[in-house]
Amino acid sequence: IDELLKRAMLPLDLFNKDNPCVTSKEYCRFMKAIEDIVQSKIMPIILATSENIETIFPPVFAAYCSGNARECIMRIAQYKVLAGPVLFELIENENEINICIKGQEDIELPEIIIGIEMVLLTNLIRKATKENIVPARVTVKKYFDNINYEKFLGIKAQIDEENSLVF
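Residues numbered from 1 in each chain as written. Predicted model: local features only at pLDDT ≥ 70, side-chain atom pairs only at ≥ 80, totals over all residues. Heavy atoms only, no water.

**Details of the packing of aromatic side chains**
Phase 1 of the analysis: Under the definition given, this model contains two aromatic pairs.
Phase 2 of the analysis: Taking the centre distance of 6.1 Å and the plane angle of 65° together, the rings of Phe15 and Phe30 count as edge-to-face. A residue pair is termed long-range when its members are at least 10 positions apart, and Phe15 in the loop between α1 (2–7) and α2 (24–37) and Phe30 in helix α2 qualify at 15 residues.
Phase 3 of the analysis: We classify Phe30 as buried; its relative accessible area is 17%. (Phe/Tyr/Trp six-rings, centres within 6.5 Å; stacked < 30°, edge-to-face > 60°. Helix = DSSP H or I, 4+ residues; strand = E, 2+ residues; numbered from the N terminus. Buried < 20%, exposed > 50% of the residue type's maximum accessible area, 1.4 Å probe, protein only.)

**A few points about the environment of Ile91**
Phase 1 of the analysis: Its place among the elements puts Ile91 in strand β1 (residues 86–92).
Phase 2 of the analysis: For Ile91, a relative accessible area of 46% corresponds to the partly exposed category.
Phase 3 of the analysis: Taking C-alpha positions, Ile91 is 18 Å from Ile159, a pair spaced 68 residues apart along the chain.

**Some thoughts on the confidence of the model for the protein chain**
Caution is warranted with low-pLDDT regions, since their predicted coordinates should not be read in detail.
Phase 1 of the analysis: Chain-level statistics for the protein chain give a pLDDT mean of 89 and a share of 96% at 70 or above.
Phase 2 of the analysis: Strand β3 (residues 137–140) holds the highest mean pLDDT among the elements of the protein chain, 98, whereas helix α4 (residues 58–64) holds the lowest, 73. (pLDDT = per-residue confidence, 0-100.)

**Structural notes on the nonpolar core**
Phase 1 of the analysis: Phe30, Phe88, Ile99, Ile112, Met118, Leu121 and Leu165 are the most contacted members of the largest nonpolar core, which totals 44 residues.
Phase 2 of the analysis: Per element, the largest residue contribution to this core is ten residues, and it comes from helix α6 (residues 111–129).
Phase 3 of the analysis: The contacts of Leu165, once residues within four sequence positions are left out, are Ile97, Asn98, Ile99, Met118, Leu121, Thr122, Pro135, Arg137, Val138 and Leu153. (Core = buried A, V, L, I, M, F, W, Y, C linked by side-chain atoms within 4.5 Å. Contact = heavy atoms within 4.5 Å.)

Now the structure itself:
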């Protein structure tokens, strides 16, 4: 933990505080430090697909209670901003929903956050529908170093100006 906090440039007593909290930039540094330190490339997938995540994370619970995948995506996009530095910008037409994953305050999100968000959302839709839903497209600003994201999603990411999932 000390190495992780040092690498993220956070106080070493952060987790000893009654209400530890970090800014959006600090959270991104913390997640990037995890990505750099942890040897297991499957760890982000395990985090994003952990059982009963909807019971500990209110935006996921609200999304999980949706009647369909579209409503699920709309709810998580609405409430996601309340629990971290990630924004989901939705672009919808009659055939698809494009979810652009962005950092608040124009923060450039590290790969681990982008990958976890893509896996989390896809897993949530799969669990809710009980179908192996595969995104129609996945785009990233920079190719994933961790191929486990693409393995989980079931589709190869393409380079684009946005980090996005299309269903």
